[in-house]
Amino acid sequence: MALDRDISNRQSLGPSLNTSIKQARVLMVGAGGIGCELLKNIVLAGFSEVHIVDLDTIDLSNLNRQFLFRHEHIKKSKAEIAKEAAQRFNPNSKIVAHHANIKDAQFTLEWFQSFRLVFNALDNLEARRHVNRMCLAADVPLIESGTTGFNGQVQVIKKGVTACYDCTTKETPKSFPVCTIRSTPSQPIHCIVWAKSYLLNEIFGTSEDQAALDTSENDDNANEIAELKRESDELKTIRESVGTEKFPQMLFDKVFNKDIVRLRSMESMWKNRKRPEPLQYETVLSQIAVDIEREATIQDDQKVWTLEENLVVFSDSLLRLSKRVTELKTQHGDDSPQAMISFDKDDPDTLDFVAASANIRSYIFGIERKSRFDIKQMAGNIIPAIATTNAIVAGLCVLESFKVLRGEFGKAHEVFMTPFAGQRLLAPDRPRAPNLGCPICGNYQTSVYVDLSRATLNDLVEDFVKLQLGFGDRDFAVNSDAGLLYDPDETDNLGKLLSELGINQNSFVTIVDEEDEDTFINVVLNIQSSEIESTAKPIKGPEPDKAPEIPRKPRKEPTIKTNGVGLPDRKHELELKEPTGGPKRPRGDDAEAPLAKRPKMTATEDVVLIEDGGGNTGAITIEDD
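Residues numbered from 1 in each chain as written. Predicted model: local features only at pLDDT ≥ 70, side-chain atom pairs only at ≥ 80, totals over all residues. Heavy atoms only, no water.

1. Notes on the sheet that holds strand E9 (residues 414-417)
Two strands in a sheet stick together by hydrogen bonds in their backbones, pointing the same way (parallel) or opposite ways (antiparallel). Filter applied, for reference: At least two bridges found by DSSP between two strands are what make those strands a pair. Note on conventions: DSSP H or I runs of at least 4 residues are helices, E runs of at least 2 residues are strands, and numbering of each starts at the N terminus. Axis geometry follows a simple rule: fit a line to the C-alpha atoms, using only the stretch in contact for helices, then measure angles between N-to-C directions, giving values from 0 to 180 degrees. Any two residues whose heavy atoms approach within 4.5 Å at even a single point are treated as in contact.
Ordered by their spatial adjacency, 8 strands build an open sheet running E3-E2-E1-E4-E5-E6-E9-E10, and the pairing between neighbours is mixed. Across the chains shown, the open sheet's two edge strands, defined by having one partner strand only, are strand E3 (94-98) and strand E10 (426-429). Each strand axis lies, on average, 15° off the axis of its neighbour in the sheet, ignoring direction. As judged from the 4 bridges shared by strand E1 (residues 25-29) and strand E4 (residues 117-120), these two strands associate in the parallel manner. Directly across from methionine 28, in E4, lies its bridge partner phenylalanine 119. Contacting strand E2 (49-53) and E3, helix H4 (residues 78-87) crosses the sheet at an angle of about 165° to E3.

2. Considerations on unusual backbone geometry
Where we set the bar: Three exposure classes are used, based on accessible area relative to the maximum for each residue type with a 1.4 Å probe and protein chains only: buried under 20%, partly exposed in between, and exposed over 50%.
Residue lysine 75 is not a glycine yet carries a positive backbone phi of 80°. In this structure, lysine 75 sits in the loop between E2 and H4. For lysine 75, a relative accessible area of 42% translates into the label partly exposed. Not every positive phi belongs to a glycine, and asparagine 506 is a case in point at roughly 70°. With respect to the helices, strands and loops of the structure, asparagine 506 is situated in the loop between strand E13 (483-486) and strand E14 (508-513).

3. Overview of the UniProt feature "binding site: Zn(2+)" (unreviewed entry) in the protein
Inclusion rule: UniProt positions are given in the numbering used here, feature names are shortened, and annotations may be inferred rather than shown by experiment.
In the numbering used here, UniProt assigns the feature "binding site: Zn(2+)" (unreviewed entry) to Cys164, Cys167, Cys438 and Cys441. In sequence the annotated residues extend across 278 residues, while in space they remain close, none of their C-alpha pairs exceeding 8.5 Å. Note that cysteine 167 resides in the loop between strand E6 (151-157) and strand E7 (176-177). Considering the arrangement of structural elements, one finds cysteine 441 in the loop between E10 and strand E11 (444-450). Residue contacts for cysteine 441: discarding those within four places in its chain leaves Leu136, Cys164, Cys167, Pro434 and Asn435.

Shown next, in the form of structure tokens:
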């Protein structure tokens, strides 16, 4: 059968393209809704070697659209089961499964460079951005895809040829005012955001999630922001008790009793709404029935847990997270970014904590509680997927991959699937050109090999940026995802190891030239861990003996002043001369009299505003031809 399929592929695709497909080694990131359909298409098309990366495990809710999985596969690795199921479609294809996060250190730049093509089938914004950056750094074509309900999109990304994933601004997640989240929640989502973006981060992360909480300074928010900072200091004390036996009760008493009592004392806040009811840890604990099984409760995603069941999950998730964060601090240091835990909808520990915390808070405020399954959808911003949409988008991905293998990027399309737009189902468009102002692909990209056990920020600045990149005496800044690391006025970090500053394998560091003239464009360094001889410098570039040719930013054209009617104002260049013809300028007493001003005209779309010397304004509408 495999031989018959190859004959059919050769006849339909042509000998040349069929050979390219059979020789291509490709990567597929994500084995969910799009990924299952895409993997089936890839192996049927005859790709010789396919690597799958997915961190997630199979849930009951996946089975309605992720057809490679069955009920007996629940809780098993998506990548592993997808490999087993797809292998039967084409036994000649080599399929390699990686049950891991694509952002893990094992997936190096060299590993990305080993692929002919990368397919993205993700539902995670940060992971999409990471793969986009890695493919640009490795100069490997990427086919990005996504679905939103009945809508879908496929985009071919090629460094320097087409726009990348970050060339257009992505819609920011909805934010909520601090006063609503902290004091007056009225919907389940308010409690979920509180648990995810405030409580989890204060205990196991860095600080409150500014993207989710609207901290703009206004009358409603000002007092709450001040109170938030005071309570953060109290939570630091509780945070120091992580891992102790009393830790769950200390946190419970703080956020579900003491803070609620404070809110109840604000009389004006409860004139038109019901007061929240504080909870006592011992009281709820005493009500827990002996037959409540922790494991059974956690596994039941669809059930809305009782208050007592939520306390069981709350305490258990705290113990699991406490153990994890303690191990991370031992391994990386107390203040290392790697010792922090952030929310991930596919991480059962953080999901359990958010679900239980949100539900307990909902109970206190008299708000409807949600199941763990529903909370995962809401906290993870998951939009219900449609099986047919996934199938169409996956098919488009493979069709676009044929153009990539031929090197025909000019014939590639950015395809939009919009069934309710009043037009045809599929709307193909030419690939957009790279955005010169894009913070990702608008930069010069290179890799740097670093001995992370001994390389300091000073080594990076002095030996690599100044010498190997050729910045010399220029003023420049060094930034990482964590923020500013160095500039001429910020030198405190120079003696620190790069690993102490959160820079590790696959990290990205941006060099910003701060010179006013002949300015380099931003340089993005992809950090690659390497064992370098102790006698050599701990940092080296791909071509240590050759400085790269970094493009310059375009010169800014000087602004030309106009006289109000679109003509250059050259009074600063030419002396005003007496006119050679017509009436002479007045002399004597009239010499100082002001000349009549030419009316000032301002164009705004199809309206021209005319301002006369007296400041009067009129409007003339110009008909659109």
